[in-house]
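# A structural walkthrough
Now for the letters of each chain:
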Amino acid sequence: MASSTVRPEDHHQDRPAGQDVARRLLDSAAKLSYDPATEVDWDTPMDPDHHGASPEWSTLYGTAYWQELTEAQRKALTRQEAASVASTGIWFEMILQQMVLRDMYAKDPTDPRFQWALTEVADECRHSIMFARGAAKLGAPAYRPRRPVVELGRAFKTLAFGEAAYAAILVAEEVLDVMQRDWMRDERVAPFVRTINNIHVVEESRHMKFARDETRRRLRNAGPVRRHINSLVVAIASYYIVTSMVNRDVYANAGLDSERARSEAGANEHHKSLMRSSCSGLMEFLASARLLTKPALFFYKRASLI
């Protein structure tokens, strides 16, 4: 993606349909959006008696090590894991913002798609600040993906275009959406984290609608070679996004035996099964868009998404 995530001529076909989706999303955003600065309780001190995420979503849940942990240790771990997921979300939201802005560069500002794109970027800016404040309140350091993954992300946001960009955006948002829907309903989770998750779920549902629509529209006339290339690009991006969500340092920062924790987490079939079952709808969409080629399936299976 040198200067745009889509070729200019791609915008001409089906313009009214694309505009209609964008108009509905703009109307929805005008009716239901949140300001995290005022909606989230930032002032009440963190209660260590709460989890940071539903314990069933912990990478150690169901392992022998989990059974040995005290409740206090389990809560400390889920707080670190939730903070890591939030930090990874910030990293990818920054990639997302740049791809969307590149896509809309020099496009018609009167087009509702252009206006929705800027609305989405504004949402993501607020979300990133919200996640950053939430991670800090959870008592976590600044978790970042490993350096090679950061550099791969830098290349992806620069080179990906069209359906590859929007489908990758969709994968990242869908995976976060599934887990956060559980967390926001769970009274064991810290109230401020539940509020953060609720805000993100509500506003990201619009982003996912736009990403699905753009992916379908841009693939409509794609040939087999283009589909195969982009299916692999999306799958590789998805693998690194998902495997970067829980930083390996969360275990040491929660006071656990890091080496043992990483080993048991890597072999945790409960967590892998949870990821697969929760992403079934996403995989159905990718299959309907013919983006589940054999090479792509290899990376989705490695990430336990299928």
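Treat the numbers as computed from the prediction; the structure is a model and nothing was measured. (Residues numbered from 1 in each chain as written. Predicted model: local features only at pLDDT ≥ 70, side-chain atom pairs only at ≥ 80, totals over all residues. Heavy atoms only, no water.)

Let us now look at the overall build of the protein. Secondary structure assignment for the protein yields 14 helices and zero strands. Along the chain direction, N to C, the helices and strands of the protein fall in the order α-α-α-α-α-α-α-α-α-α-α-α-α-α. Whereas a compact globule of 306 residues would reach a radius of gyration of roughly 19 Å, the protein reaches 19 Å, a difference of no more than 12%. For the C-alpha atoms alone, the extent of the protein along its principal axes is close to 60 × 45 × 30 Å. Every one of the 306 residues in the protein was classed for burial, and the buried ones make up 55%. Put simply, the protein shows about 13600 Å² of open surface, and 55% of that area lies on carbon and sulfur atoms. Charged side chains in the protein number 41 positive and 40 negative. The centres of these two groups are separated by 6 Å. (Helix = DSSP H or I, 4+ residues; strand = E, 2+ residues; numbered from the N terminus. Rg over C-alpha atoms; globule rule 2.2 N^0.38 Å. Buried < 20%, exposed > 50% of the residue type's maximum accessible area, 1.4 Å probe, protein only. Areas by Shrake-Rupley, 256 points an atom, 1.4 Å probe, with all protein chains shown as cover. Lys, Arg positive; Asp, Glu negative; His and termini not counted. Charge placed at Lys NZ, Arg CZ, Asp CG, Glu CD.)

On to the side chain of Gln180, then. Tracing the sequence through the fold places Gln180 in helix 7 (residues 162–185). A distance of 3.3 Å separates the side chain of Gln180 from the side chain of Asn197, its partner in a polar contact. Apart from the residues within four sequence positions on either side, Gln180 is in contact with Phe131, Asn197, His200 and Val201. (Polar contact = N/O pair within 3.5 Å; in protein donor to acceptor, adjacent residues only side chain to side chain. Contact = heavy atoms within 4.5 Å.)

Quick look at the packing of aromatic side chains now. One pass over the structure, following the stated rule, counts seven aromatic pairs. Measuring from ring centre to ring centre gives 6.5 Å for Trp91 and Phe92, while their planes differ by 70°; the resulting arrangement is edge-to-face. Neither Trp91 nor Phe92 differs from the other in exposure class; each is buried. For the ring pair Tyr166 and Phe210, a centre distance of 5.9 Å and an interplane angle of 80° mean the geometry is edge-to-face. With Tyr166 in helix 7 and Phe210 in helix 8 (residues 191–219), this residue pair connects regions lying 44 residues apart in the sequence. The pair formed by Tyr166 and Phe210 is uniform in burial state, with each residue classed as buried. Three or more aromatic residues link up through ring pairs in this structure, and these residues are Tyr239, Tyr240, Phe298 and Phe299. Positioned above the aromatic ring of Phe192 is the side chain of Lys137, whose terminal nitrogen or guanidinium carbon lies 4.6 Å from the ring centre. (Phe/Tyr/Trp six-rings, centres within 6.5 Å; stacked < 30°, edge-to-face > 60°. Lys NZ or Arg CZ within 6 Å of the ring centre and 35° of its normal.)

Moving on, we come to the confidence of the model for the protein. For the protein, per-residue confidence averages 92 on the pLDDT scale, and residues scoring 70 or more make up 94% of the total. This model gives residues 1–14 a pLDDT under 50, and the stretch forms 43 contacts once residues within four places in sequence are excluded. (pLDDT = per-residue confidence, 0-100.)

Okay, the nonpolar core next. Ranked by internal contacts, the top residues of the largest apolar core, which has 91 residues, are Leu60, Val175 and Leu305. In this view, Leu60 contacts Tyr65, Trp66, Leu77, Glu81, Tyr251, Leu256, Ala261, Glu264, Ala265 and Asn268; residues no more than four positions away in its chain are not counted. (Core = buried A, V, L, I, M, F, W, Y, C linked by side-chain atoms within 4.5 Å.)

For Glu214, the position within the fold is in helix 8. The residues contacting Glu214, other than those within four sequence positions of it, are Arg113 and Tyr166.

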